[in-house]
Amino acid sequence: MNRKAMAYKDYNEAAMIDMLMKSLPKMAHEIATPMSKTKKITMVTANGETGAAKLTGEVLEIMTKMPELVKSLTGVDFSKSMRGIK
């Protein structure tokens with residue numbers, strides 16, 4: 001019975017990771033879409049990045065926060081689970 005419980009737990013986590021991996025491109029699209037519809041963006045920076053590099057960096061920064069958000073909402077540690085995939 002314990003083996004079945006562990007198998008179901010592993011399957012549940014794997015299914016959630018699969019759903020998240022499939023939805024990451026859509027998340028990136030949804031994050032970037034509002035920026036793509038603007039006519040003008042003025043970005044202030046202190047580290048020297050400008051233009052498209054800065055804008056891309058902003059989208060990537062938001063995306064890097066997604067695993068922590070998923071963990072807080074679902075309890076699944078996406079980063080830890082991805083390290084366990086071989």
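In this report, the structure presented in the accompanying data block is examined. For clarity, every value in this text was computed on a predicted model and none was experimentally measured.

What counts and what doesn't
- Residues numbered from 1 in each chain as written.
- Predicted model: local features only at pLDDT ≥ 70, side-chain atom pairs only at ≥ 80, totals over all residues.
- Heavy atoms only, no water.
- Helix = DSSP H or I, 4+ residues; strand = E, 2+ residues; numbered from the N terminus.
- Contact = heavy atoms within 4.5 Å.
- Salt bridge = Lys/Arg side-chain N within 4 Å of Asp/Glu carboxyl O.
- Core = buried A, V, L, I, M, F, W, Y, C linked by side-chain atoms within 4.5 Å.
- Buried < 20%, exposed > 50% of the residue type's maximum accessible area, 1.4 Å probe, protein only.

1. Thoughts on the environment of Met16
Of note, Met16 is situated in helix 1 (residues 2-36). As a C-alpha pair, Met16 and Val76 span 60 residues in sequence and 7.9 Å in three-dimensional space. Not counting chain neighbours up to four residues away, the residues in contact with Met16 comprise Thr74 and Val76.

2. Considerations on the pattern of salt bridges
Scanning all chains against the criterion turns up 3 salt bridges. In this structure, Lys26 and Glu30 form a salt bridge, with 3.5 Å as the shortest nitrogen-oxygen distance. One end of the pair, Lys26, and the other, Glu30, are both in helix 1, 4 residues apart, so they sit about a helical turn from each other. A salt bridge links Glu61 to Lys65; the nearest nitrogen and oxygen atoms lie 3.8 Å apart.

3. Structural notes on the nonpolar core
Formed by Ile17, Leu20, Met27, Ile31, Val59, Met63, Met66, Val70, Val76 and Phe78, the largest nonpolar core amounts to 10 residues. Going through the elements one at a time, helix 1, helix 2 (51-64) and helix 3 (66-74) are the ones with two or more residues in this core. Sorting elements by how many residues they give to this core places helix 1 first, with 4 residues.

Worth remembering: the numbers are spatial, not functional.
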